[in-house]
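# Chains, contacts and geometry: an overview
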Amino acid sequence: MKTRFKSACVAEAALLIFCLAASGEQPGRWISRGLGGGGAFYGPSISPYDPAELYAQTDMSGFFRSRDGGRSWKTLDFRQIGGGNLNSSLQFTSVPATLYALNYRPDGVGDSVAPTRSTDGGLTWSALAGDPCNADGLSCHADPDATNRLLVSTETEIWVSTNSGATFSLKYTDPACHVAGVHWEGSRILV
């Protein structure tokens, strides 16, 4: 179902672009819809279980959710999870209620970015007990076919957990580490 949904989205986007290009017409004016108010938005995520469920983060620390395809948005509780100018989006797993994300906490000095998890579909969030990033996370990737496998990275390290973030194992170190993407293939993780 996930693959069919992704393929359908790609096909619809390609059709829209083709139709707009073929018409040769430019829109008369742009009208802002949905959340906004300045700043930038990062890490958009669409649920593979319900395409009307959307998430986005803002560089002003807000983390937003829409359950109606973007017609209305609600801010997630900032005391539990915050957005930021992160390269990492919200991560879905094999169970719709189990989600992972990086939690951005601006503190005015070095800021804190740590992996966090929700087991109730994003209503509440908890820090992972075994955070290996020392509050300096750069990316977070969850296995879409499991709930317990997670990869997090910093600017120099890649860590993997097979027990929902209770503990992590260091898998790679480099002075300039940047995870551009992750593909989960059974027991193999391609980074």
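Up top you'll find the structure we're talking about.
Residues numbered from 1 in each chain as written. Predicted model: local features only at pLDDT ≥ 70, side-chain atom pairs only at ≥ 80, totals over all residues. Heavy atoms only, no water.

### A closer look at the overall build of the chain
Along the backbone of the chain there are one helix and 14 strands. Split into buried and exposed, the 191 residues of the chain put 38% on the buried side. Considering only residue pairs separated by 6 or more positions, the chain has 41% of its internal contacts joining residues 24 or more positions apart. Summing over all exposed atoms, the chain offers an accessible surface of approximately 11100 Å²; the carbon and sulfur share of this is 55%. (Helix = DSSP H or I, 4+ residues; strand = E, 2+ residues; numbered from the N terminus. Buried < 20%, exposed > 50% of the residue type's maximum accessible area, 1.4 Å probe, protein only. Contact = heavy atoms within 4.5 Å. Areas by Shrake-Rupley, 256 points an atom, 1.4 Å probe, with all protein chains shown as cover.)

### A short note on the packing of aromatic side chains
Within this structure, the stated rule accounts for one aromatic pair. Its end group placed over the ring of Phe 78, Arg 79 keeps NZ or CZ at 5.8 Å from the ring centre. (Phe/Tyr/Trp six-rings, centres within 6.5 Å; stacked < 30°, edge-to-face > 60°. Lys NZ or Arg CZ within 6 Å of the ring centre and 35° of its normal.)

### What about the sheet that holds strand E6 (residues 99–105)?
Reading across from one edge, E5-E6-E7-E8 is the order of the four strands in this open sheet, with antiparallel pairing throughout. At either end of the open sheet lies a strand with only one pairing partner, and these are strand E5 (91–92) and strand E8 (126–127). With two bridges connecting them, strand E7 (residues 112–118) and E8 associate as antiparallel partners. Each residue of the ladder has a partner; that of Arg 117, found in E8, is Ser 126. (Pairing = 2+ DSSP bridges.)

### Considerations on the sheet that holds strand E10 (residues 150–153)
Taken in spatial order, the four strands make up an open sheet running E9-E10-E11-E12, and their pairing is antiparallel. A single partner strand is all that each edge strand has here, and the edge strands are strand E9 (139–142) and strand E12 (169–173). This sheet shows a mean twist of 20° between the axes of neighbouring strands, independent of strand direction. Pairing of E10 with strand E11 (residues 157–161) involves four bridges; the strand directions are antiparallel. Bridge pairing in E11 places Leu 151 opposite Val 160. (Axes fitted to C-alpha atoms, helices over the stretch in contact; angles between N-to-C directions.)

### Here we look at the state of the cysteines
Throughout the structure, instances matching the rule amount to zero disulfides. Cys 133 forms no disulfide, and the closest cysteine sulfur to it belongs to Cys 140, at a distance of 8.5 Å. On the accessibility criterion, Cys 140 (0% relative accessible area) is buried. (Disulfide = S-S within 2.5 Å.)

### A word on the environment of Asp 59
For Asp 59, the location among the structural elements is in the loop between strand E2 (54–58) and strand E3 (63–66). Look at Asp 59 and you get partly exposed, because its relative accessible area is 30%. The spatial distance from the C-alpha of Asp 59 to the C-alpha of Ala 40 is 5.7 Å, given a sequence separation of 19 residues.

### Focus on the nonpolar core
Among the nonpolar cores identified, the biggest contains 12 residues, and these are Tyr 100, Leu 102, Tyr 104, Val 113, Leu 128, Cys 133, Cys 140, Ala 142, Leu 150, Val 152, Trp 159 and Phe 168. If you list the elements that add at least two residues to this core, you get E6, E9 and E10. For Trp 159, the contacting residues outside a window of four places in its chain are Pro 132, Leu 150, Leu 151, Val 152, Phe 168, Ser 169 and Leu 170. One finds Tyr 55, Leu 90, Leu 99 and Ala 101 within the second-largest nonpolar core, a separate group that totals nine residues. (Core = buried A, V, L, I, M, F, W, Y, C linked by side-chain atoms within 4.5 Å.)

### Quick word on unusual backbone geometry
A positive phi angle, close to 60°, is found at Ser 164, a residue other than glycine. Along the chain, the position of Ser 164 falls in the loop between E11 and E12. Looking at Ser 164, the relative accessible area reads 17%, which means it is buried.

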